[in-house]
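# Breakdown of the fold
As a plain string of letters, each chain reads:
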Amino acid sequence: MTDFDGLRCAIAVGNGVVARFPGVVCVAGVASRKATAHLDTVLQICKDASGGAPGRAIARQLASWLGNAGEGIEHLRFGTVSATEEDGLAVFLVGEVSLLIPEMAADISGMDAASWTDRLLVRPDSPIVLALSSDANAVDAAAGPFDLQTGIVPGDVAVLLQPGTGPGQGARRPEQVAGTPPPIPSRPVRQPAAPATPPAAAPAVQQAVQQAVQQQATQATQAAPPVQRPLAPPPSAPPPQAPPPPAPPPLAPPRRSEPIFGAPVEERRSPLPSGGRAERREASAARSAAAQRDGAPKEAAQEEPQTQGHLCARGHLNDPRSHFCVLCGIRMNERTGVLVLGSRPPLGLLVFNTGTTFTVDADYVIGRQPEVDERVASGVMRAIPVEDHTGSVSRVHAEVRLEGWDVLIVDSGSSNGTYVAPQGEEWTQLRPQESRRLTQGTKVRLGECSFTFESPSGVR
Amino acid sequence: MTAGSATPTTVADYEIVEMLGEGNNGRFYRARPPARLGLSTEFVALKVFGERVSEQAYERGVRELRAFASVQSPYLVRIYDAVLEDRFAYAMEYLPLGSLESPTRPLRRDAVLDALEHAALAAHALHESGLAHGDITPGNVLLADDGGVITGKLADLGLARLLTPGNTLTGIGSAGSVEYMDPEMIGGARPSRRTEIWALGATIHKALSGTGLYGELPDDQPVLAIRKVLASAPTIHPDLAPDAAKLVGDCLAAGEARIGTAAEVAGRLAQISR
Ligand SMILES: [Zn+2]
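Position numbers for residues start from 1 in each chain and track the written sequence from start to end. The lettering of chains begins at A and the numbering of ligands begins at 1, in the order of writing. Whole-chain, interface and lining totals are the exception, using all residues; otherwise, since this is a predicted model, local features are given only for residues with pLDDT of at least 70 and side-chain atom pairs are given and counted only at 80 or more. For side-chain calculations, the full set of non-hydrogen atoms in the structure is used, while hydrogens and water are omitted.

## What to know about the packing of aromatic side chains
In this scheme Phe, Tyr and Trp rings, the latter by its six-membered ring, pair at centre separations within 6.5 Å, and the angle between planes marks the pair as stacked below 30 degrees, edge-to-face above 60, and tilted otherwise. Evaluated as defined, the whole model comprises eight aromatic pairs over all chains. Both rings, one in A:F78 and one in A:F92, keep their centres 6.2 Å apart while their planes meet at 15 degrees; by these two values the pair is stacked. Taken together, the residues A:F78 in strand β4 (residues 76-83) and A:F92 in strand β5 (residues 88-101) connect sequence positions 14 residues apart. Each residue is placed in one exposure class: buried if its accessible area under a 1.4 Å probe, protein chains only, is under 20% of its type's maximum, exposed if it is over 50%, and partly exposed if it falls in between. Looking at A:F78, the relative accessible area reads 0%, which means it is buried. Given the relative accessible area of 1%, A:F92 is considered buried. A ring pair is formed by A:F352 and A:F451, whose centres lie 4.9 Å apart and whose planes are at 40 degrees; its orientation type is tilted. With A:F352 in strand β15 (residues 349-352) and A:F451 in strand β25 (residues 449-454), this residue pair connects regions lying 99 residues apart in the sequence. A relative accessible area of 0% means that A:F352 is categorised as buried. An aromatic cluster is defined as three or more aromatic residues linked by ring pairs; in this entry it consists of A:F352, A:F358, A:Y364 and A:F451. The aromatic ring of A:Y419 is capped on one face by A:R445, whose charged end is 4.9 Å from the ring centroid. If you follow B:R30 out to its NZ or CZ, it ends over the ring of B:F43, 4.4 Å from the centre. Secondary structure counts use DSSP, requiring at least four H or I residues in a row for a helix and at least two E residues in a row for a strand, with both numbered from the N terminus. Criterion for a charge above a ring: Arg CZ or Lys NZ at most 6 Å from the ring centre, at most 35 degrees from the ring normal.

Next comes the structure, spelled out in structure tokens:
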């Protein structure tokens, strides 16, 4: 199979940018000047990592950079296709960018996921199209004689093609340079015995790619240089009369997969606790130890923070301001109430409009990609990832923080704001970094996503 | 917080045949497994989680699924494979008879009681191995036909709180799953034998009476559903046979009066008049 760098890279000229470095091809576009610097970064990452099989390294670096890229990143869209060690392809797409392999009916978009689309594919023999638009005219232009070897040029579409006369044939000599026609054998080349899988996706693109391939073939026949390499031996037997129907292409293996049944288990666990009161503290300690051992997020080990409160007659720790025990409902005797240090119970629930519910017993970061916040990465805060299709939720949008017995909502400097409506009151917008105390029934809205705070005392 | 609703044609290297249902943080599909699994079965059930998960969360999920798969019980579904692409998914055996919630053919009362007993035994086996299921509902008691005899198999280990720490109730499906959750858990308690036995009681009640412990819950208004569950006491349907009603009551009981182990629940189910 032709080396990745031996592939011809046809382009369609456009307002975007096509770049190629050893082992990687990138197509990118900016919708605003605010994203120009981000575009430069993408190209720099590709260039710095290029050479050999940079696919996984590029995907990793792009993901890590995207997580922290600042303002204007939403105006950038780009896609990279790069070689991996196992002769595969690493595909990384952000925003409205498509990767098409017409012959395999593969059509992957950067819009498939909220953040980015990241795939490992088996590299096909057939053309690979990386496009800012699937507009037929744009792809038509890629049928020209262009062949980008290394560098950055204006363009909207890159088509990676086998050098030679058609898909699956010929190998380019490594010393070949841009612009020279690919060498081909002087005799007609054996045609494939069976037609390729019929096009199943994007007919316009497929047609355009076929044109590109045909043009490539015509060009090559007209300008065939002398034979420069040994010919493939002629077929020893005629092709079978009735070739078997082409099997559907196997799907690329997933990014990660792990066998479950029959796989070894790291260690035997002790039987589950009954859940009675006496066992709770012990179980909590055991869980902390287990969490540390398992490498679970650190917050699991930091549960049940110590807070001062009043005890009810049955020994439940309560907010000194409450008149009734939130656990058992009995009246608190405030006069004898001495402040006691104890484990703070959960302070309520965040009930999202989707029904997903979080227990308020730790601090949370809410957003489209809360895991990019270093407090989440370090385990100090938990993440509530929010799926967003309108672009109105920031990566890190808002925080829910526990302070003593108060639950606070804080806007994390979001682009589109955090709105709060206490029960029976109007919506108001928080200023960046402004915090507001959540009370029973307070509604909070970020983009199209909203949740209600339910406090345990409020429901009794 | 959920993805779009279209059924994909593939998920990782699985070929999707149809959607089977939603619940507990994701969707179930009937799918053709990839050759790499070396399975002789034509179909598997593929659970695809609705939310993005990190690599670390995926690894926690894999550890939990492997622990689940290592538990020796004929009443637990077999899980084959976990994959991570855009989403986390895992493949398990496909059981064409559906679940106690939506069986593909009418079930006799004795078959329902058998399946419930099997689910309780499966839960006990998990507990003895240090695992909590976390989401026992009629929809997670799947049905297998062993030579004309119905067997219940517990499926869909609740991974939500493991994948997204702090997550108590999952959104996909309906808010209805709140009626199978011990209110103590909604209040922040972690899964234990005690909360699991509550869920078994609620599952038994629904499977035998056809109604939930809180009557009709507003499925599309999760806040109201949670308020109703927290503000009202569960009500056992008056048509339930006395021995079944007593069993459900003992599963829901407060304090020390609650049944102690899932094995005891199974034993009580075995004694209920068929
Ligand atoms: Zn109390």
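## Some remarks on helix α1 (residues 55-69) of chain B
Expected span of a helix, by definition, is 1.5 Å for each gap between consecutive residues, and there is one gap fewer than residues. In this model, α1(B) (15 residues) spans 21 Å end to end at C-alpha, consistent with the 21 Å of a helix rising 1.5 Å per residue. When α1(B) is considered as a whole, its buried residues turn out to be B:A57, B:Y58, B:R60, B:G61, B:V62, B:E64, B:L65, B:R66, B:A67, B:F68 and B:A69. Any pair of residues with heavy atoms lying within 4.5 Å of one another is described as a contacting pair. Where the residues of α1(B) are buried, they touch β11 (256-259) of chain A together with β5 (79-84), β6 (88-93), α2 (109-128), β8 (149-154) and α3 (160-163) of chain B.

## What to know about the sheet that holds strand β12 (residues 306-311) of chain A
All names here are of chain A. Here, any two strands with at least 2 DSSP bridges between them count as paired. Taken in spatial order, the three strands line up as β13-β12-β14 in an open sheet, and their pairing is antiparallel. Edge positions in the sheet fall to β13 (317-318) and β14 (340-343), since each of these pairs with one other strand and no more. Alignment of β12 against β13, held across two bridges, turns out to be antiparallel. Residue H310 lies in a different strand from β13, and its bridge partner there is N318.

## Concerning the side chain of A:T307
Residues and elements named next belong to chain A. Position of T307 relative to the elements: it lies in strand β12. Judged by relative accessible area, T307 falls into the buried class, the value being 9%. Leaving out residues up to four positions away in the same chain, T307 has contacts with L317, V340, L341, G342, R344, G404 and W405.

## Re the environment of A:R368
Secondary-structure assignment places A:R368 in the loop between β17 (364-367) and α6 (374-377). Polar contacts here mean pairs of N or O atoms no more than 3.5 Å apart (in protein, one a potential hydrogen donor and the other a potential acceptor; neighbouring residues in sequence count only if both atoms are side-chain atoms). Of note is the side chain of A:R368, whose polar atom sits 2.9 Å from the backbone oxygen of A:V393.

## Observations regarding the packing of helix α5 (residues 193-209) of chain B against helix α8 (residues 262-271) of chain B
Angle between the axes and distance between the axes are the two parameters that describe a pair of packed helices. Residues and elements named next belong to chain B. Here an axis means a line fitted to C-alpha atoms, over the contact stretch when the element is a helix, while the angle between two N-to-C directions is reported on a 0 to 180 degree scale. Their axes nearest at 10 Å, the elements α5 and α8 cross at an angle of 25 degrees. When the axes of α5 and α8 are compared, the pair comes out roughly parallel. Regarding α5 and α8, the two cross each other, and that crossing is right-handed. The segment α5 lies against α8, with I197, L200 and I204 engaging A262, V265 and L269. In the contact of α5 with α8, the residues fall into six nonpolar, no polar and no charged. Each angle receives one of four descriptions, namely roughly parallel if under 35 degrees, roughly antiparallel if over 145, roughly perpendicular if within 65 to 115, and oblique otherwise. Crossings are assigned a handedness: left-handed for a near helix turned anticlockwise from the far helix by less than a right angle, right-handed for a clockwise turn. Three residue categories are used. Nonpolar comprises Ala, Val, Leu, Ile, Met, Phe, Trp, Tyr, Cys and Pro, charged comprises Asp, Glu, Lys and Arg, and polar comprises the others, including Gly.

## Observations concerning the interface of chain A and chain B
Accessible area lost on assembly of the parts is the figure often given for the size of an interface. Chain A puts 62 residues into the contact, and the matching count from chain B is 62 residues. Using a 1.4 Å probe, buried area is obtained as the accessible area two parts lose upon being combined, added over both of them. Of the roughly 5,500 Å² buried between chain A and chain B on both sides combined, carbon and sulfur atoms contribute 52%. Any carboxyl oxygen of Asp or Glu that lies within 4 Å of a side-chain nitrogen of Lys or Arg is treated as forming a salt bridge with it. The interface formed by chain A and chain B holds six salt bridges in total. Residue B:E55 is joined to A:R255 by a salt bridge in which the shortest nitrogen-to-oxygen separation is 2.7 Å. At the boundary of chain A with chain B, the tally comes to 23 residue pairs in polar contact (both at pLDDT 80 or more). Breaking the side of chain A that touches chain B down by element, the ones donating at least two residues are β7 (117-122), β11, α5 (277-294), β15, β16 (357-359), β18 (382-385) and β25 of chain A. Tallied by class, residues from the side of chain A that touches chain B come to 26 nonpolar, 18 polar and 18 charged. Looking at chain direction, β11(A) and β5(B) are connected through four bridges and run antiparallel. Note on β5(B): the bridge partner recorded for A:E258 is B:A82.

## Some thoughts on the nonpolar core
Within this scheme, the nonpolar core is defined by two criteria: the residues are buried Ala, Val, Leu, Ile, Met, Phe, Trp, Tyr or Cys, and they are joined through side-chain atoms within 4.5 Å. Membership of the largest hydrophobic core comes to 82 residues, with the highest contact counts inside it found for B:L65, B:F88, B:M92, B:V265 and B:L269. Split by domain, the residues of this core number at least three in each of domain 1 (10-93) and domain 2 (109-271) of chain B. Counting residues in each nonpolar core, the second largest holds 26 residues, with A:V17, A:A35, A:I73 and A:V94 among its members. Annotation comment: domain bounds sourced from an automatic or database domain assignment.

## A closer look at the confidence of the model for chain B
All names here are of chain B. Note on scores: pLDDT gives the predictor's confidence for each residue, bounded by 0 and 100. In this model, chain B carries a mean pLDDT of 90, and residues with pLDDT of at least 70 account for 96%. For chain B, per-element mean pLDDT is lowest for α3, which scores 81, and highest for α8, which scores 98. With pTM at 0.65, the complex prediction returns an ipTM value of 0.89.

## Some points on the pattern of salt bridges
Applying the stated criterion to the full structure yields 33 salt bridges over all chains. A salt bridge links A:R375 to A:D373; its shortest N-O distance comes to 2.8 Å. Assessed through its relative accessible area of 11%, A:D373 is described here as buried. Salt-bridge contacts for B:R274 lead to B:E117; the nearest nitrogen and oxygen are separated by 3.5 Å. Remark: B:E117 occurs in helix α2 and B:R274 occurs in the segment after α8; sequence separation between them is 157 residues.

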